[in-house]
Structures are given as structure tokens and as C-alpha cells.
Amino acid sequence: KNQVEQSPQSLIILEGKNCTLQCNYTVSPFSNLRWYKQDTGRGPVSLTIMTFSENTKSNGRYTATLDADTKQSSLHITASQLSDSASYICVVSAGAAGNKLTFGGGTRVLVKP
Amino acid sequence: ETGVTQSPTHLIKTRGQQVTLRCSSQSGHNTVSWYQQALGQGPQFIFQYYREEENGRGNFPPRFSGLQFPNYSSELNVNALELDDSALYLCASSPLGQSFLAKNIQYFGAGTRLSVL
């Protein structure tokens, strides 16, 4: 069964600090991995997308890594801002067409001043 | 803004009723996916429509059905509503795209919050 597990479930950090979110997956056949940011009451917004051959991808202060051998990914947030408070969801795509998505439960991040 | 709009934003129904949720995809997108997101959890895939035909389905019963229209907008219909159907329903569209990756980046709407009493 395809599964995506994220840790921690929730995280509180002080503004300006860095944090790292983890994602472990058992999805086959792997197509790509994405990180989404979801603000409360809004739909998810794509941050990064990585294929098997990519091991790092940045989007501003967000940097995602992928280790396809260990089936792990991380999302690093640098110099956090209050607007980073949101849920971060790891999504793994399977199949040749990459249209079968498995979502993690998300990590809820709260940035405090 | 993603260009994907969903209506209504909120809806209250009673058990046993039927509901129709609507989604207008971003211009040029030919694929629409629907997800159910329970409070505090990640979205669960319901089904996907590609060029008006179902193109994959998650583990949801037949009372969850859908349609995609020639303009690529879509509807999600749920019959015989149950209390556990209370959730945020998300619609996501994907572009025609020139690359495999572009085709698979999904743009989400803000969702419809359904409450079943």
C-alpha cells in the first residue's frame, strides 16, 4: 500500500529561526515528490516538485531534498517569517503517468514573533 | 491565486441528502482531480477526470460520482450523505503543459467546506 508519513505533526518556531520537516514514503513506482503549503481555509499551493534524478530544489527560503534510495525527503525553511505559519504537505506521485497522488498528513507549522 | 474556483464555499446538509459541488479549472487545463480533506489530515484522492472521462479513482464508494464538461469544468456529486462526509472538498486542475512535470503540477482551489448534520 502506498503511504506517505510526515514528521513532526506540528512545530512551533520563533520568527527568524530555521526548521526542517521530514517526509518518508513507500510509493511504487515512484514518479515525483512535491511539497505543498496550505494556509488555513485555503487550498494547497505547490512549493517544489522533484523527480527521481533530482536531490535538491529551492524556492526562495524553502529548500527540499530527496533521497530516492532511502525514500526520504525534507523541507527546510530558512529565516522563518510569520507568513510561513501553515500546514506543509508532502505528496508523492506514482505510476508512469504520475497521476496517482498519495498525500501525507501534513506538518502544521506555527511561527511566533 | 491559482485560477481554480470552487462553489459554494460553505454548505450545510443533513444526513441522507444529496449534494453537488462545482469547480472551474484554470484556463487551458484539461484534467481535474477531486480530494476530500478531513480536519487535520491530508487530502484523500477521490477521482480524476481527463477530457470528460474518469481517469482514476481512489477508495471511495459509488455514491461519490463526478462529471467533467466540454469546457473542462467539473462537478462532484455525493448521494445519501453520511456524517463522515463532513470535510473540505478540494478540486485541482492540471495544465496541458509541454512537459510531463508541467502537466502534473496541480493547482488547487480554495475548497468547499461541507458539513453534514
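This report concerns the structure included in the present document. Here the structure is a predicted model, which means the values were calculated and not measured.

Digging into the overall build of chain B
Tallying secondary structure elements over chain B gives 1 helix and 11 strands in all. Going from the N terminus to the C terminus, chain B shows its helices and strands as β-β-β-β-β-β-β-β-β-α-β-β. Its C-alpha atoms give chain B principal-axis dimensions of about 45 × 25 × 25 Å. When each of the 117 residues of chain B is scored for burial, the buried share is 47%. Looking at chain B alone, contacts between residues at least 24 apart form 54% of all its contacts between residues at least 6 apart. Roughly 5,800 Å² of accessible area belongs to chain B as shown, and the carbon and sulfur atoms make up 49% of that amount. Distance from the positive charge centre (8 side chains) to the negative charge centre (8 side chains) of chain B: 2 Å.

A closer look at the environment of A:T65
Residues and elements named next belong to chain A. Relative to the elements of secondary structure, T65 occurs in strand 7 (residues 62-67). The class for T65 is partly exposed, based on a relative accessible area of 31%. Sequence-wise, T65 and Q22 are 43 residues apart; in three dimensions their C-alpha atoms are separated by 9.7 Å. At 2.5 Å, the side chain of T65 forms a polar contact with the side chain of S74.

Considering the packing of aromatic side chains
What characterises a pair of aromatic rings is the spacing of the ring centres plus the angle enclosed by the ring planes. Enumeration according to the criterion identifies 9 aromatic pairs over all chains in this entry. Look at A:Y36 and B:F108: their rings are 5.3 Å apart centre to centre, the planes differ by 90°, and that puts the pair in the edge-to-face class. Pair noted here: A:Y36 is in strand 4 (residues 30-38) and B:F108 is in strand 10 (residues 107-108), and the two residues belong to different chains. Take B:F108: its relative accessible area is 2%, and that puts it in the buried class. Centre to centre, the rings of B:Y35 and B:F108 are 5.5 Å apart; their planes meet at 45°, and the pair counts as tilted. On the criterion of sequence distance, the pair formed by B:Y35 in strand 4 (residues 29-37) and B:F108 in strand 10 is long-range, its members being 73 residues apart. For the residue pair B:Y35 and B:F108, the accessibility class agrees, reading buried in each case. One cation-aromatic arrangement involves A:R61 over A:Y62; the distance from NZ or CZ to the ring centre is 5.8 Å.

What to know about the sheet that holds strand 8 (residues 72-77) of chain A
All names here are of chain A. The sheet built from 5 strands is open, its strands ordered 1-3-8-7-6 with antiparallel pairing. Of all strands in the sheet, those bounded by a partner on one side alone are strand 1 (3-7) and strand 6 (56-59). Direction aside, the axes of adjacent strands within the sheet are offset by 15° on average. Judged from the 4 bridges that link them, strand 6 and strand 7 form a sheet pairing that is antiparallel. Residue pairing across strands places N59 opposite Y62, the latter belonging to strand 7.

Considering the interface of chain A and chain B
Listed by partner, the interface residues are 21 residues for chain A and 20 residues for chain B. Taken together, the two surfaces of chain A and chain B that pack against each other cover about 1,600 Å², and 54% of this comes from carbon and sulfur. Our enumeration of links across chain A and chain B arrives at 0 salt bridges. Of all the secondary structure elements, the ones that give two or more residues to the side of chain A that touches chain B are strand 4, strand 5 (45-51) and strand 10 (100-103) of chain A. When the residues that make up the side of chain A that touches chain B are grouped by side-chain class, the tally is 8 nonpolar, 11 polar and 2 charged.

Considerations on the state of the cysteines
Residue and element names in this part refer to chain A. Enumeration over the complete set of coordinates arrives at 2 disulfides over all chains. Bridging C23 to C90, the disulfide has an S-S length of 2.0 Å. Around the S-S axis, the bridge from C23 to C90 shows a dihedral of about -65° and counts as left-handed. Remark: C90 occurs in strand 9 (residues 86-94) and C23 occurs in strand 3 (residues 19-26); sequence separation between them is 67 residues. Under the relative-accessibility criterion, C23 is labelled buried at 0%. No disulfide involves C19; its sulfur sits 15 Å from that of C90, the nearest cysteine. Since its relative accessible area comes to 6%, C19 is described here as buried.

Analysis parameters
Per chain, the residues get numbers from 1 upward, laid out in the order the sequence is written. All chains are assigned letters beginning at A, and all ligands numbers beginning at 1, according to the order in which they are written. Only residues with pLDDT of at least 70 get local features here, since the model is predicted, and only at 80 or more are side-chain atom pairs given and counted; chain-wide, interface and lining totals rely on the full set of residues. Hydrogens and water are ignored here; the side-chain numbers use all heavy atoms of the structure. Here a strand is any run of E in DSSP of at least two residues, a helix any run of H or I of at least four, and the numbering for each starts at the N terminus. Partly exposed describes any residue whose relative accessible area lies between the buried limit of under 20% and the exposed limit of over 50%, with all areas from a 1.4 Å probe on protein chains only and scaled to the type maximum. Should any heavy atoms of two residues lie within 4.5 Å, those residues are counted as being in contact. Here the accessible surface of atoms and residues is derived via Shrake-Rupley with a 1.4 Å probe, and residues count as covered only by protein chains that are part of the display. The charge count includes Lys and Arg as positive and Asp and Glu as negative, but it does not include His or the ends of the chains. Every charge is mapped to an atom, namely NZ of Lys, CZ of Arg, CG of Asp or CD of Glu. The term polar contact refers here to a pair of N or O atoms within 3.5 Å; inside protein, the definition further demands a hydrogen-donor-capable atom paired with an acceptor-capable atom, and it admits residues adjacent in sequence only when both atoms are side-chain atoms. Think of it this way: a Phe, Tyr or Trp ring, Trp meaning its six-membered ring, pairs with another when their centres are within 6.5 Å, and the plane angle makes it stacked under 30 degrees, edge-to-face over 60, tilted otherwise. Charge-over-ring contacts are defined here by two conditions on Lys NZ or Arg CZ: a distance within 6 Å of the ring centre and an angle within 35 degrees of the ring normal. Pairing between two strands is assigned when DSSP locates at least 2 bridges connecting them. Fitting a line to C-alpha atoms yields each axis, with helices limited to the stretch in contact; the angle taken between N-to-C directions then spans 0 to 180 degrees. Once two parts are brought into contact, the accessible area they lose, counted with a 1.4 Å probe and summed over both, makes up the buried area. Definition used for salt bridges: Asp or Glu carboxyl oxygen within 4 Å of a side-chain nitrogen of Lys or Arg. Charged means Asp, Glu, Lys or Arg here, nonpolar means Ala, Val, Leu, Ile, Met, Phe, Trp, Tyr, Cys or Pro, and polar covers whatever is left, Gly included. Cysteine sulfur pairs qualify as disulfides if the two atoms are within 2.5 Å.

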